[in-house]
Every structure is written in C-alpha cells, then in structure tokens.
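# Notes for the structure review
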Amino acid sequence: MSTTNKRPIPWGALGPWIALAITCLFFTTQSERFLSGENLSLVLQQVMVVGVLAIGQTLIILTAGIDLSCGMVMALGGVVMTKFIVDYGLNPYAAIACGLGVTTGFGLLNGLLVTQVGINPLITTLGMLGVARGLAYVLSGGLTQPVLDHNFGHLGQGFIAGVPIPVIALVLLTAVCFVVMKYTTYGRAMYAIGGNPEATYLAGQPVKRYQLIAYSLSGLSAGLAGIFLTAQLGAGAPQAASGLELSVVSAVVLGGTSLAGGKGSILGTIVGVLILGTLNNGMVLLSVSSYYQQVAQGLALLLAVGLDQFRLGSLVRPIARKGYRIGFANLSESLPLAAEVRAGLEHAAAQSGDMGLLLLENELNERQAMANGERFIGEKMDLVIENQTGDAAGAQLMARYREAGIPVIAVDTPIPGAVYFGVNHYQAGRAAGEGLGAWIAGHWAGRVDGLIALERPAAGKSARARADGLREGLQATTGPLAQDWTWTLACVYDRDVTQAQVTRILRAQPDRRFAVTAVDDEAALAAVAAAQALGRAGHVAVVGMGGSRPARDELRRPGSPLIGTVKFAPEHYGVALLQIAARMLSGANVSAENYVEHTFITAETVGQHYTD
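Across its full length, the chain holds 23 helices and 16 strands. In terms of overall size, the chain behaves like a compact globule, its C-alpha atoms giving a radius of gyration of 27 Å where 612 residues would be expected to give roughly 25 Å. With respect to the three principal axes, the spread of C-alpha positions in the chain is 85 × 75 × 50 Å. Evaluated residue by residue, the chain yields a buried proportion of 50% over its 612 residues. Across the chain, every contact between residues at least 6 apart in sequence was considered, and the portion connecting residues at least 24 apart equals 75%. For the chain, the computed accessible surface area is about 27100 Å², with 60% contributed by carbon and sulfur atoms.

In structure tokens form, the structure reads like this:
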C-alpha cells in the first residue's frame, strides 16, 4: 500500500482570488447590470490607473519600502505633458517623453534619498508628495487645462480590436513585470532584499542599486499612469490624484504583498486592484452615497493592513538573524507623541528584520507600568525600551530589570541605570521660552501683563526641567515677570480640565495680554481652545513642546494664539532606538545620554520641516 504526500492548499495565495470571487458574486445578486459586458469593460478602464501605479508600488513594498508620492507624481507628469502640448505646441509623443522623464526623475530622487542619504521611505515619499503637489499646482496655476490633440486623446479613449488601449497597456505591463519578478536575477533579488537585506548584501547582491531601480520604476509607472489618466480626462488636472496613494497601497496589500517586504506577487496586486475596482463599481450600481464609498475604501485599507499583520503572525515579530526580542512599554496611545514613537519603532523593526517587538502600553499608570515590566521579565526579553512617566516607577522597574539582567533604554524620561534616549528637556524648554519672548518683542513691543505656566508635576524631573527652561528662556528676553501676575497650573492629562483652568484666569483678567508656556502640546492646545472660546486669541500667545501633528495643524491656522512649538521628531525615534539597542546587545560601548535634535518651529517655518 502506497501513500501520497499532498501539498497543503496555499490559502494565503488563494485568499485574494476568493475575496474577488465573493465580491463579484455579491454584486451579481444585487444588480442585473453588474455582469454586463459594458459594465465589466468599464470596471477594467476605471482600475487601469490604480493598476499601473500598484505595479510600481509592488516593486517597492517587496523591498520593505513604500512610495506615498506616486499619485501626485502621476498628476505632475500629466500636467507636464499637457503644458508641453498646449503651451509649447510640442508633438504629443515628445511631450509624453518629457513627462516620463520628470516622473522617473522623481522616483530616482526618492531612491537616492532612501538608499544614499538614509531617510526613512515613509518620510521621504511623504516629503516628495508635497514637492510634486506643489509643482503640479505651480505649473498649472491650480487650473485644469484641456488637451484637444486627437492623437494624445486616443491613447486614453481609443480601442484596438474592441479592447480599450489602457486595458491592453495594463495587461502588457503586468505580463512583463510578472516575467521579470519570477524569472530574472533582479526579481529574485527584490524578494531577498525584502526578506533580509543584510544577508542579500553578504550574498554579493547590489542591494542599494536594486532598491534605486525599484523606486525609479515606480516613478516610471506613475508617468505611464499619468499618460492614460490625462488622455482619458482630456485634460491635465493637478488635483486628479488626490488621495490615490491610499487606494494603491490598499490594492497591493489586499493582493497579498506584505508591508514587511519579501512576500507578494504582481498577479496578486492586479487581483487586489480588481477587488477595489469591483467594490467601487458595485456601490455605484447600487446608488450608494459617495461618502459611504469613501468609508468603504478606508475600511478596505484597514482590512488590508489587518490581513498583513495576521499573515505576519503576531505583534512579536519573527527574528531572522540574531534572535533579539525587545519589549517596548509605551507611555499612552492617547498622546500623539507617544503614538508616533510607537509607530516609528514598529516600522523600524519591520524594516530591520532582526528585531522582534513585544508592544505594551503603560496607560499613564505606574501600576500598569510595573505589571508590563514583570511581563517583559517573564517573557525573557533581551532588552526593554521604557517610555515612562513618574520617577518612582522608573526606579522600581530598573531594580527589577537589573535583577533579571535585562538592559534598558529610557525614552524621554531618565531612569537611573538605563541608557537615556530623547530630549534635553531644559534646553528644549529654553528654546521655546526664547521663541515666545522674541515673538512678544516683535508683536507686543515686549509688553506682557501675565504668565500662565502649564506644568505636569506628576511627570517628574523631566517635566520640571522643561518648565524651568521655558520660564528662564522667556525671562531672558522679556525680563522678570511680576510674581503677582504669574499663574502656575498643575495640569492632568485631560485637555478639558486644563482648558477650564486657563479659562478661569483669562475670564478674570479681561484686558490683559498673557503669555502661556506649556510643557507639552496637549496642554498648549487646551490653552489655545480657552483663548479662542473667549474671543481672546489676539491677547494670548502660547508655546508648546513636541511638534505634534495637532499642534502643527493649529500653527497653520491664521490668527492662532499658538505661536510656536519645539519639534522633537518622535517619528524618527524608532530607527535610532533600534541602532542603540543593537549596539548594546552586541556589547559595544554606548553613551549613557543620547539626545535628539530639537528645533523651535512657528507658523512661518512649520512648512520647512513638515509637509503634512
């Protein structure tokens, strides 16, 4: 009697196909028009642009990178082509070559910034998204410009043997990329880079060169998509690609490509594109509101990322090389800066491929922090990163970690015996205080009637150092303030409570100009809300610390009482923390204090540092 070994069914690879089949089946039962030839042809034409962009995006995500600029680079390419055809009378094919040159150049620049300068791909491409958007609007004057050239329009609206030309182009591009990725040395190397870039380098592959090629090809694919979109619309539109990058990433991940790199396929990406296209088309046929369609697209992105995390197995990431396991106890996801630290660290760990993370949250609670510490010890972590508040808990935790022989990195709050990484709190506070004093000198002729100092005593010595720096920096430019007109408020982590405290002071002193110093952006934004609610925005000047996204948004609002904040760039903490961890675990000497750079940013300078 013989036995036959059966290969397991590859559910991971079949998943996207099953999802597409279920989606089609559902809309078939709901609308008679769904399976009509005319409608299916329309679906293919509608997904063509996202499909071309998604193919380029797949090449990058396979290497554990990402390109969020692809949509706006595509729009810029379309604007460039239109301008050369309409304004300069250039032959449409020559104009197309110029547009492709611009978009490929953007991809090449993305690749150089990632591979040669070492900037995180997410940050690089977000920045280039802003550059491409700005250039598209500058070149077009913010207006949609029609293109009346018949030959150009035929590329987006013509047919060959009854098949739309854009669909033919997508099929050919898919076939070429499928062959390259499956049967060439370059394709195999791309998968290897995403799985373990160091091992690929040691195997003799030019890792950075291949990554550079991937980003350049993504730029080229954006240019190709720009040709067909501009030809379909019959116009160059700078706003045509707004938010398209989210659909592109969703399609790639829904198709089975892992955001951690090393896994995925071109065919899977096309299936992901068809899933999104079918979903959008079906909702239109069912007369679903466009607002709900946006909700569905957002849920699709969340589902895609959730499936990717499920495929990865768990929050404790697999170790490819040294088997290091790192515990990270975050301050609180409710605080924007802490959330950015966690996101940056998680992304850096996924990029590195050799660090496993166990992520826990301290919830602004010292008892919870102690419980998390005990779990790290029980799980036998190789190293722990503590984003902690409160001096007492830090000392107790360090004693337990020392007993267990676990090295510790303390983020932003020093813990005796731990390696410190984070802000020089006094110097950062002083920079904010001096910035506030300079603003008062320039706008209020140096006159300020009162000071409201928003502090957090429960946060320990670090918050105290910030508060001291704020006060001394302000007084260095304005001179000592009368003690009678200085209010020091002990804030809790509740914006409504802080707003109420500031409101009472401002209401009691209706004719005075107030300076407000806050040890973090949360407290600063509470003071801003109090001033605005009372109609006192012109008589209150607030500075915060942290450079959080909500604070940056507030800085951009005309007439805001928030005149500045100190940028810590917590989104960049992750890479630096893992580099320090790697050195500590390898036995190398590590400085006991590792300070991040900080910069005072204002409404005038925020755009120089952030494009969001």
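Resuming the write-up.
This part covers empty space enclosed by the protein. Applying the stated criterion across every chain yields a total of four cavities of 30 Å³ or more. Along its surface, the largest cavity is lined by 27 residues, and Leu331, Leu337, Arg466, Tyr493 and Asp520 are the ones closest to its centre. Looking at the lining of the largest cavity, the elements that each hand over two or more residues are helix H14 (336-352), helix H18 (461-478) and helix H20 (521-533). The element best represented in the lining of the largest cavity is H14, accounting for four residues. Tallied by class, the residues present in the lining of the largest cavity amount to 14 nonpolar, seven polar and six charged. Approximately 50 Å³ is the volume found for the second largest cavity. Of all the secondary structure elements, the ones that give two or more residues to the lining of the second largest cavity are strand S10 (450-455) and H18. Counting residues per element, the lining of the second largest cavity draws most heavily on S10, which supplies four residues. Of the residues contributing to the lining of the second largest cavity, the split by class is six nonpolar, one polar and two charged.

Counted by the stated rule, this structure contains ten aromatic pairs. Ring geometry for Phe84 and Tyr88: centres 5.7 Å apart, planes at 45 degrees, overall tilted. Aromatic side chains Tyr186 and Tyr210 sit 5.2 Å apart centroid to centroid with 85 degrees between the ring planes, which places their arrangement in the edge-to-face category. Taken together, the positions of Tyr186 in helix H8 (residues 185-195) and Tyr210 in helix H10 (residues 207-233) put the pair 24 residues apart, joining distant regions of the chain. Summarising the burial analysis for this pair, Tyr186 and Tyr210 share the class buried. Aromatic ring contacts, followed pair by pair, group Phe26, Phe27 and Phe34 into a single cluster.

Tracing the sequence through the fold places Leu303 in helix H13 (residues 290-312). A sequence separation of 53 residues divides Leu303 from Ser250, and the C-alpha atoms of the two residues are 8.6 Å apart.

Residues Tyr292, Val295, Leu299 and Leu302 make up a contiguous nonpolar surface patch of about 460 Å² in total accessible area. Tracing the backbone through its elements, the reader meets Leu302 in helix H13. Its relative accessible area of 61% is what places Leu302 among the exposed residues.

Across the sheet, six strands lie side by side as S11-S10-S12-S13-S14-S16; this open sheet has mixed pairing. Only two strands of the sheet have a single neighbouring strand rather than two, namely strand S11 (486-490) and strand S16 (599-601). Taken over all neighbouring pairs, the strand axes of this sheet differ in orientation by 15 degrees on average, direction set aside.

This brings us to the confidence of the model for the chain. Here the chain shows a mean pLDDT of 84. Residues at 70 or above account for 92%. Scored below 50 in pLDDT, residues 1-11 shows two contacts in the model against residues more than four places distant or in partner chains.

Looking now at the pairing of strand S9 (residues 419-422). On S9, burial covers both faces: Val419 and Phe421 on one face and Tyr420 and Gly422 on the other are all buried. Bridge count between strand S8 (residues 408-411) and S9: three bridges; the pairing is parallel. Looking across to S9, one finds that Ile409 is bridged to Val419.

It is worth spelling out helix H5 (residues 121-140) at this point. Here H5 spans 28 Å end to end across 20 residues, near enough to the 28 Å set by a 1.5 Å rise per residue. For H5, every residue scored as buried is listed here: Pro121, Thr124, Thr125, Met128, Leu129, Ala132, Ala136 and Ser140. Buried residues of H5 fall within an arc of 140 degrees about the axis and therefore sit on the same side. The inward-facing, buried residues of H5 abut helix H3 (70-86), helix H4 (92-117), H10, helix H11 (244-254) and H14. For H5, the N-terminal cap is Asn120; the gap from its side-chain oxygen to the backbone nitrogen of Leu122 is 2.8 Å. Downstream of H5 by a residue or two, Gly141 has a phi angle that is positive, lying close to 65 degrees.

Counting 57 residues, the largest nonpolar core has Val49, Leu53, Met74, Met181, Met190 and Leu244 as its most contacted members. Considering every element that reaches this core, the biggest residue donor is helix H2 (residues 37-61), with twelve residues. Those residues in contact with Val49, other than ones at most four positions away along the chain, are Met74, Ala225, Leu229, Gln232 and Leu244. Listed in part, the 46 residues of the second largest apolar core include Ala349, Leu359, Leu451 and Phe568.

Quick look at the layout of surface pockets now. By volume, the second largest pocket is sized at about 680 Å³. In this structure, the second largest pocket is lined by 26 residues; those nearest its centre are Gln46, Val50, Leu244, Asn280 and Gln297. Contributing elements (two or more residues each) for the lining of the second largest pocket: H2, H10, H11, helix H12 (266-285) and H13. Counting residues per element, the lining of the second largest pocket draws most heavily on H2, at six residues. Across the lining of the second largest pocket, the residue classes break down as twelve nonpolar, 14 polar and no charged.

Relative to the helices and strands, Leu267 resides in helix H12. Judged by relative accessible area, which is 38%, Leu267 ranks as partly exposed. A C-alpha to C-alpha distance of 10 Å links Leu267 and Val171, two positions 96 residues apart in sequence. Not counting chain neighbours up to four residues away, the residues in contact with Leu267 comprise Thr174 and Phe178.

So, how was this worked out
Residues numbered from 1 in each chain as written. Predicted model: local features only at pLDDT ≥ 70, side-chain atom pairs only at ≥ 80, totals over all residues. Heavy atoms only, no water. Helix = DSSP H or I, 4+ residues; strand = E, 2+ residues; numbered from the N terminus. Rg over C-alpha atoms; globule rule 2.2 N^0.38 Å. Buried < 20%, exposed > 50% of the residue type's maximum accessible area, 1.4 Å probe, protein only. Contact = heavy atoms within 4.5 Å. Areas by Shrake-Rupley, 256 points an atom, 1.4 Å probe, with all protein chains shown as cover. 1 Å grid on protein atoms, 1.4 Å probe; cavity = no way out; pocket = protein on both sides within 12 Å on 5 of 7 lines; lining within 4 Å. Points joined across faces, edges and corners; volume = space filled by probe spheres on them. Nonpolar A, V, L, I, M, F, W, Y, C, P; charged D, E, K, R; others polar. Phe/Tyr/Trp six-rings, centres within 6.5 Å; stacked < 30°, edge-to-face > 60°. Patch = residues over 30% accessible without salt bridge, like charges linked within 9 Å, V, L, I, M, F, W, Y side chains within 5 Å. Salt bridge = Lys/Arg side-chain N within 4 Å of Asp/Glu carboxyl O. Pairing = 2+ DSSP bridges. Axes fitted to C-alpha atoms, helices over the stretch in contact; angles between N-to-C directions. pLDDT = per-residue confidence, 0-100. Expected span 1.5 Å × (residues − 1). Arc of directions from axis to C-beta. Polar contact = N/O pair within 3.5 Å; in protein donor to acceptor, adjacent residues only side chain to side chain. Core = buried A, V, L, I, M, F, W, Y, C linked by side-chain atoms within 4.5 Å.

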